[in-house]
Amino acid sequence: MGRPWSFAQRVGAGSIASLLVALVLAGTSVVALLSVRTSSKARILDLSMDLLEVERLRRAFSDKVSSGRGHALSGDPLFAQDMAASRERFTATYQRLKPRLEGEPVATLLESAVHAELEHEESARTLILADDAGVDPKRMEELFEARVGETRRRAFEALQLLAERCEQRLALGIQEAVEADRRALVLILLAAGLGLAVAAVLAWVLTRRLRPLQQEAESSARRFQFLVEGVQDYGLDLLDPEGRVVSWNPGAERMTGYRESEILGRSAAVFYPPEAAGMHERDLERARRDGRLRTEGWRVRKDGTRFLAEVITTALYDRHGRLQGYAKISRDITERRRAERTQRLFAEAGRIFHQLLDPDLTVEELARMMVPEVADACLLYLLMPSGQLEPRAVTHVIPERQAWLLEAVQRYPPRPDASHGAWQVLRTGRSELMGQVPREVLAHVVDGPEHLALMEKVGIYSYLAVPLQVGHQSRGVFVLLTSTPERQLTLTDQVFVEELAGRAALALDNARLFREAQEAVELIGVAAHDLGNPLNTLQLLLRRLHRMELAAGGEKLRDGLGTALKQTQRLGQLLHNLLDLSRLSSGKLVLDVAPVDLAELTHEVVERFSEQAAEAGCKLMFDAELGLVGRWDRLRLDRVVTNLLSNALKFGKGHPVEVRVERLGSARARLRVSDEGVGIAPESQGRIFNRFERVPSSASQHAGFGLGLYIVRQLVEAHGGTIRVESVPGEGASFTVELPLMYLGVELGSEPSPAPPS
């Protein structure tokens, strides 16, 4: 016989048995209550749906009646379409409602309503056909009420009665549900009383054991939440085994623009650009294989912009080795890479600017440095002394596209009158940035379909133009182009390029000054040599004249004095050119304007050169229109005519030289100096007006300083005029100067307005 249970054992066993019974009772009561409530809710829901469908029947029939009446009265086919659509809704609602009401008393009412609607449909169609047959529209409303009104009334009554019966069924069902809930409530109260008693005992026992564990778990969860939410510079997210986002932190939201509610449950492939299709799956595969993966690449934000991200993906496994998901740590490193690139480019630019003193080499190296580090293509325009904006460097990361870009630049140079582009940037000194260039905008700024086709072949997605400025003077324009969305130019790029352009402009200006200093040194040497020759000749002639005077030789004395006079004239012209050059270089040239007759002034110069023309074998022809008076600096205008005529006699030796002065329109005068000498090659015509430019010639006696035509152009432009050259090699050259005349009504004695320094 076994040992009897002790009191403690009995109490323990009783407690366990009571607990089991309480749990069974509570569970049974809860299940019964839930079953009753579920059944009641389902019944009420079904009755509510029946009533809702009946209301839809009534609404569809009412819409059909309204559309039918409108069609019968107006004949508008839109009402017929609405009537047909309403009847289709009525029929569809009936088809849904019929199976639900089978076996119910209200099924008969449903059929009655449908039958009445069918009679109304037939009556309405009869009336519509009568209208199509030509019934008088004035009687249409009476016919509509007589033929359709009765069937409409019966249909509405049947539907109203059906709705009332359905409402009664719903009310009865709600009452039955309430009664069932009351009965279930009594049961649940009894079960709850017993369950509460048992739960109190269990709570007292379990709380002492589980409370510390719960507190520790809550504390750990809070610390983890603080850690995740406190990280703002990194995106921390968890992925399920399929790569869908299941956890999201504020750092990831700030970096990508997606809120947690927008991204949870979506695949992380949404962050990859379109051209990286499949990369997300390959990254997860590598993370599963290696356990941890570190990558860098372009990602896409919610707004479509791109950023360079550093991503660390770690595969998560449980203790049984089953994959649970992935942990991803992401960081936006776009600015860091941009800063690194900026520092590297600045360092390389500093090396280029300090080592290269040739402007052409500096331009080429600068363009090479920008591609492909900053953009896919680079164009560098420089302002020439002639006032033209010429491309000095054209570079593209793809050689084939570089050829297309070069062709586009050469065939379609920037228009000076354009409201956008290189000339506008040069004039305003302000940069232009287009983060994205739509095709419509590109088609608007190009010069025709061929130009557009070339630029589309090059590919332009983003555009930036920055002026090369030294102080307040623009030396050129720096143009950058990109071809892909991930290389979109931004304000940050604009700030960087503006800083680099400022340094480049300063370096180019320094190189220019260095070159001019070298040329000035060369000029000083040549000038000293050339000034010495006429001075030595003059000294020898004067000594000879002194001896001849003693010998009283009259004829030889006149010849010697003439030669001495020519040498002094040459010396004076050279000195005046050097003086004007120094004033132009320093910006201190001021015109002493007064009323001057251009024909009279030109005639004086021609008379002065008559003897020199005879010695050169040139027939000097002069034709002038009188009365061409303007407010000009007589001394400087004399120098313009003198230099042009001197060049014509020098390069047209042995050929006729023509000087013509005539009126051009009502407000301008024209001076033309033409010779039939060696002429000027086409490639030299664009640069002969530049400083220190010499026209290549087979005759060594034609060599000069390259200052005469430069000073002529500067003086003409200072007077508000223009100068151009027309020449055919071997057939001579023709220089044309156009100057503004005095306005009508201006008195000759009026005070001249100050001219701007040239």
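Residues numbered from 1 in each chain as written. Predicted model: local features only at pLDDT ≥ 70, side-chain atom pairs only at ≥ 80, totals over all residues. Heavy atoms only, no water.

## Quick notes on the packing of aromatic side chains
Geometry of an aromatic ring pair is reported as the spacing of the ring centres plus the angle between the planes.
Piece 1. Under the counting rule described, the total for this entry stands at three aromatic pairs.
Piece 2. Measuring from ring centre to ring centre gives 5.7 Å for tyrosine 258 and phenylalanine 271, while their planes differ by 75°; the resulting arrangement is edge-to-face. Residue tyrosine 258 is located in the loop between helix H5 (250-256) and helix H6 (260-263), and its partner phenylalanine 271 is located in the loop between H6 and helix H7 (279-290); the two are separated by 13 residues in the primary sequence.
Piece 3. Note on phenylalanine 689 and phenylalanine 735: the rings are 6.2 Å apart at their centroids and 85° apart in plane angle, and the pair reads as edge-to-face. (Phe/Tyr/Trp six-rings, centres within 6.5 Å; stacked < 30°, edge-to-face > 60°. Helix = DSSP H or I, 4+ residues; strand = E, 2+ residues; numbered from the N terminus.)

## What about the sheet that holds strand S6 (residues 377-383)?
Piece 1. One open sheet holds the five strands; their spatial order is S7-S6-S10-S9-S8, and the pairing between them is antiparallel. Across the chains shown, the open sheet's two edge strands, defined by having one partner strand only, are strand S7 (389-396) and strand S8 (432-434). Averaged over all neighbouring strand pairs, the angle between strand axes comes to 15°, with direction disregarded.
Piece 2. Of the pairings in the sheet, the one linking S6 to S7 comprises seven bridges and is antiparallel in character. Bridging across to S7, leucine 383 finds its partner in leucine 389.
Piece 3. The strands that helix H10 (residues 399-411) touches are S6, S7 and strand S10 (473-482); relative to S7, the one it contacts most, it runs at about 170°. (Pairing = 2+ DSSP bridges. Axes fitted to C-alpha atoms, helices over the stretch in contact; angles between N-to-C directions. Contact = heavy atoms within 4.5 Å.)

## Some points on the confidence of the model for the protein
Caution is warranted with low-pLDDT regions, since their predicted coordinates should not be read in detail.
Piece 1. Mean pLDDT over the protein stands at 75; residues scoring 70 or higher make up 69%.
Piece 2. Long-range and interchain partners of residues 4-11, a stretch whose pLDDT sits below 50, account for three contacts in this model, where long-range means more than four residues apart.
Piece 3. pLDDT under 50 marks residues 743-758. Its contacts with residues more than four places away, or in other chains, come to 19 contacts. (pLDDT = per-residue confidence, 0-100.)

## Some words on the packing of H10 against helix H13 (residues 449-458)
Piece 1. In contact at an axis separation of 9 Å, H10 and H13 are set at 150° when each is read in the N-to-C sense. As summarised for this structure, H10 and H13 are arranged roughly antiparallel, according to the angle between their axes. Crossing geometry of H10 relative to H13 is assigned as left-handed. Each of Arg401, Trp404, Leu405, Glu407, Ala408 and Arg411 in H10 lies in contact with H13, whose residues at this interface are Glu450, His451, Leu454, Met455, Lys457 and Val458.
Piece 2. The residue makeup of the contact of H10 with H13, split by class, is six nonpolar, one polar and five charged. (Parallel < 35°, antiparallel > 145°, perpendicular 65-115°, else oblique. Left-handed = near helix turned anticlockwise from the far one by under 90°. Nonpolar A, V, L, I, M, F, W, Y, C, P; charged D, E, K, R; others polar.)

## Digging into H13
Piece 1. Within the span of H13, buried status applies to His451, Leu452, Leu454, Met455 and Val458. An end-on view of H13 places all buried positions within 160° of arc, on one side of the element. Residues of H13 that are exposed and point over 90 degrees away from its buried face: Pro449 and Glu450.
Piece 2. Structurally, H13 contributes buried residues whose contacts are with S7, H10 and helix H12 (439-445).
Piece 3. Glycine 459 occupies a position one or two residues after H13 and carries a positive phi of about 85°. (Buried < 20%, exposed > 50% of the residue type's maximum accessible area, 1.4 Å probe, protein only. Arc of directions from axis to C-beta.)

## A closer look at the sheet that holds strand S16 (residues 722-728)
Piece 1. Taken together, five strands build an open sheet; the order of strands is S12-S14-S15-S17-S16 and the sheet is mixed. Edge positions in the sheet fall to strand S12 (620-624) and S16, since each of these pairs with one other strand and no more. Going across the sheet, the axis of each strand differs from the next one's by a mean of 15°, ignoring polarity.
Piece 2. Bridge analysis of S12 against strand S14 (residues 657-664) gives five bridges, and the strand direction is parallel.

## A closer look at the pairing of S10
Piece 1. Of all 10 residues in S10, eight are buried; the element is thus mostly enclosed.
Piece 2. In the sheet, S6 pairs with S10 via six bridges, with the strands oriented antiparallel. Of the residues in S10, the one forming a bridge with leucine 379 is valine 479.
Piece 3. Strand direction decides the pairing type here: strand S9 (residues 462-470) and S10, joined by nine bridges, are antiparallel. Among the inter-strand pairings, glutamine 469 is bridged to a residue of S10, identified as serine 474.

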